[in-house]
Amino acid sequence: MRVPKSTLAALRRSPKLLLNIHFWVVMALFGGGILLHYPQIIPFIEPLEPDSFLFLTRHSIGRLVLLLPITYAALVFGLRAGLASVTAAVLIMLPNLFLLTQITNDDVIEMAGIVVIGLVVNLWLESYWTDKKHRQQAYARLETAQRELQRMQQNLRFYLKQITIAQEEERRRIAQELHDDTAQDLVVMSRKLDSFISRGSDLSPDDINYLEDLHHLINRTLSEVRRFSQDLRPSVLDDLGLLPALEWLTSELSKHFNMDIEIKVQGAARRFPEETELVMFRIAQESLRNIGKHAKSKKAWVTLNFSPDKTVLTIKDKGKGFKPPERIGDLAALGKLGLAGMQERVQLIGGQLKITSHPGKGTTVIVTVMDSDNISQ
Ligand SMILES: Nc1ncnc2c1ncn2[C@@H]1O[C@H](COP(=O)(O)OP(=O)(O)OP(=O)(O)O)[C@@H](O)[C@H]1O
Ligand SMILES: [Mg+2]
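These figures come from a predicted structure and were not determined experimentally. (Residues numbered from 1 in each chain as written. Chains lettered and ligands numbered in written order. Predicted model: local features only at pLDDT ≥ 70, side-chain atom pairs only at ≥ 80, totals over all residues. Heavy atoms only, no water.)

Caption draft 1: View of the overall build of the chain. Of the regular secondary structure elements, the chain holds 11 helices and 5 strands. The 377 residues of the chain split such that 33% are buried. Sequence-distant contacts in the chain: of pairs separated by 6 or more residues, those separated by 24 or more amount to 71%. In the structure as shown, the chain presents an accessible area of about 24500 Å², 60% of it carried by carbon and sulfur atoms. (Helix = DSSP H or I, 4+ residues; strand = E, 2+ residues; numbered from the N terminus. Buried < 20%, exposed > 50% of the residue type's maximum accessible area, 1.4 Å probe, protein only. Contact = heavy atoms within 4.5 Å. Areas by Shrake-Rupley, 256 points an atom, 1.4 Å probe, with all protein chains shown as cover.)

Below you can see the structure in the form of C-alpha cells.
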C-alpha cells in the first residue's frame, strides 16, 4: 500500500508537533469543547440547565467555546491548521445534533454560524499574516537598498577624498616645478641678457632696444610664472601657516578684484595640521573669489576666531547675495564646483560649513573646526 507523501511529511513532523506547547493548548481547548458538548460522558457532573448562563443554552456555550481552538490554531499555526480546526469543530458538534431530543432552527444556525465565523477568522488572520509578511519583505528590500546606497555614498566620498588629495598633490608638484625649474631658468636667462646688454658696446641702438624689450618680456613672464605657482599652492602656507597665507591671499585678491578686504584675528592664533590649514585656506580663497566674481561688492571681511575648543573662519560680504539651493552638492551638476568643493573639503577634516545668503543682503561663509579633531602637530 502506498502512503501519500503529505501523510509521510506530517508523520515526520509529528514528533516536533508533540513537543510544541501550542499544539497541546489547542488540544486542551478542544477537550474543553468536547466536555461541554457531551457532559453526559463525565461521571458526577450535572449538565447545565438551558438558559443557565447569560441567556445562552449549554449547547450554545459549547459551540461558542469551539471558536477558541479554531482561532488559536489559526493564529499560531496558520491557515491550514485553522481550517483543520474548523473541520474538527464540525465533527465534534455533529453527533450532538443527533443526541438532541429536538433539533431547533437555532441549533442549525448556531452551528453554521460557528463554521462561518471560524472561516472568517481564518481568512482574516491569513490576510493579516500575508500583509505582514509582504510589509516585512518590502522593509527588508528597503533596508538592503539603503545599505547599498550607504555603501555607494561611502565609496563616492572615499573617491572624492582621493581625488581632492591627488589634486592638491598635483598642484603642489606643478607649483614646485614652476618655482624651482621654470622660474630659475627665466632668472638665469634674464641675468645673462642683462649682462650681455651691459657689455654690448658694439650693438646698434635698435639692437639694444630689441634686447631690452626681450629682457622686459622675460621679467614679466617670470613674475607671471611666480604668481601662477603661488596661486596653485602658496609656499607661504607650507612655510609659515594659515594666518600669513590668509594675509597674502587677501592682499593678492584685493589687488586682483580691486576691492577692500578686511582681515581680523580674534583669540590666540595657533597652527593646525597641514591638511586642515589647506582646507581653510582653500575655502577662504574660493569664498573671496566668489565675492570678486558674483557679489558686486567692493568690501569683504575675513575673520579668524580662535577659541579654546574650536576655530571659526568667517568670510562675509554685503553684496548682492543669492538663494542657496537646499543641497549645496546639487550645484556641482550645474558645473558650479566652488561651493560644492568647499563642502567636500570641509568633510575631509571633520569640520562644519555653513553658507547663508539672501538676495540683496550679502553672503556669509562660516567654517568651524573643532580643536579636539585638529590638534596641531
Ligand atoms: N558671495 C557671493 N555673492 C553672490 N552670489 C554668490 C556668492 N557666492 C556664490 N554665489 C552664487 O552661487 C553660485 C555657486 O557658486 P560656486 O562657487 O559654486 O560656482 P561658480 O563660482 O559659479 O563657479 P566655479 O566656482 O565652479 O568657478 C554662483 O554661481 C553664484 O550665483
Ligand atoms: Mg566659485
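Caption draft 2: Molecular detail of the packing of helix 6 (residues 105-199) against helix 11 (residues 338-348). Remark: helix 6 packs on helix 11, axes separated minimally by 10 Å, with the N-to-C direction vectors making an angle of 95 degrees. Here helix 11 runs roughly perpendicular to helix 6, going by the angle between their axes. Within the contact between the two elements, helix 6 uses Arg157, Leu160, Lys161, Thr164, Gln167 and Glu168 and helix 11 uses Glu344, Arg345, Gln347 and Leu348. Grouping the constituent residues of the contact of helix 6 with helix 11 by class yields 2 nonpolar, 3 polar and 5 charged. (Axes fitted to C-alpha atoms, helices over the stretch in contact; angles between N-to-C directions. Parallel < 35°, antiparallel > 145°, perpendicular 65-115°, else oblique. Nonpolar A, V, L, I, M, F, W, Y, C, P; charged D, E, K, R; others polar.)

Caption draft 3: Highlighting the coordination of the magnesium ion (ligand 2). Protein coordination of the magnesium ion (ligand 2) is provided by Glu286 (OE) and Asn290 (OD1), with donor distances spanning 2.0 to 2.1 Å. Note that Glu286 and Asn290 are positioned in helix 10 (residues 274-295) at a spacing of 4 residues, about one turn of the helix. (Donors = N, O, S within 2.8 Å, 3.2 Å for Na, K, Ca; no water.)

Caption draft 4: Up close: the nonpolar core. Counting 37 residues, the largest nonpolar core has Leu246, Ile283, Leu288, Leu313, Ile315 and Leu353 as the members making the most contacts within it. Breaking this core down by element, the ones donating at least two residues are helix 8 (235-240), helix 9 (242-257), helix 10, strand 2 (299-306), strand 3 (310-317), helix 11, strand 4 (352-358) and strand 5 (362-370). Of all the elements, helix 10 adds the most residues to this core, at 9 residues. With residues near it in sequence (within four places) discarded, Leu246 still touches Ile263, Phe281, Ala284, Leu304 and Leu313. Formed by 14 residues, the second largest nonpolar core is a distinct cluster that contains Tyr38, Ala89, Met93 and Leu97. (Core = buried A, V, L, I, M, F, W, Y, C linked by side-chain atoms within 4.5 Å.)

Caption draft 5: Representation of the pattern of salt bridges. Taken as a whole and judged by the stated rule, the model has 19 salt bridges. Between Glu168 and Arg282 there is a salt bridge whose closest N-O contact spans 2.8 Å. Separated by 114 residues along the polypeptide, Glu168 in helix 6 and Arg282 in helix 10 bring together distant segments of the chain. The same class applies to Glu168 as to Arg282, namely buried. Across the salt bridge formed by Arg173 and Glu177, the nearest N and O atoms sit 3.2 Å from each other. Remark: Glu177 and Arg173 occur in helix 6; sequence separation between them is 4 residues, near one turn of the helix. Given a relative accessible area of 40%, Arg173 falls into the partly exposed group. Glu177 sits in the partly exposed class, given a relative accessible area of 41%. Beyond isolated ion pairs, a larger network of salt bridges with shared partners links Glu168, Glu169, Arg172, Arg233, Asp238, Glu274, Arg282 and Arg345. (Salt bridge = Lys/Arg side-chain N within 4 Å of Asp/Glu carboxyl O.)

This is a description of form; function is not addressed.
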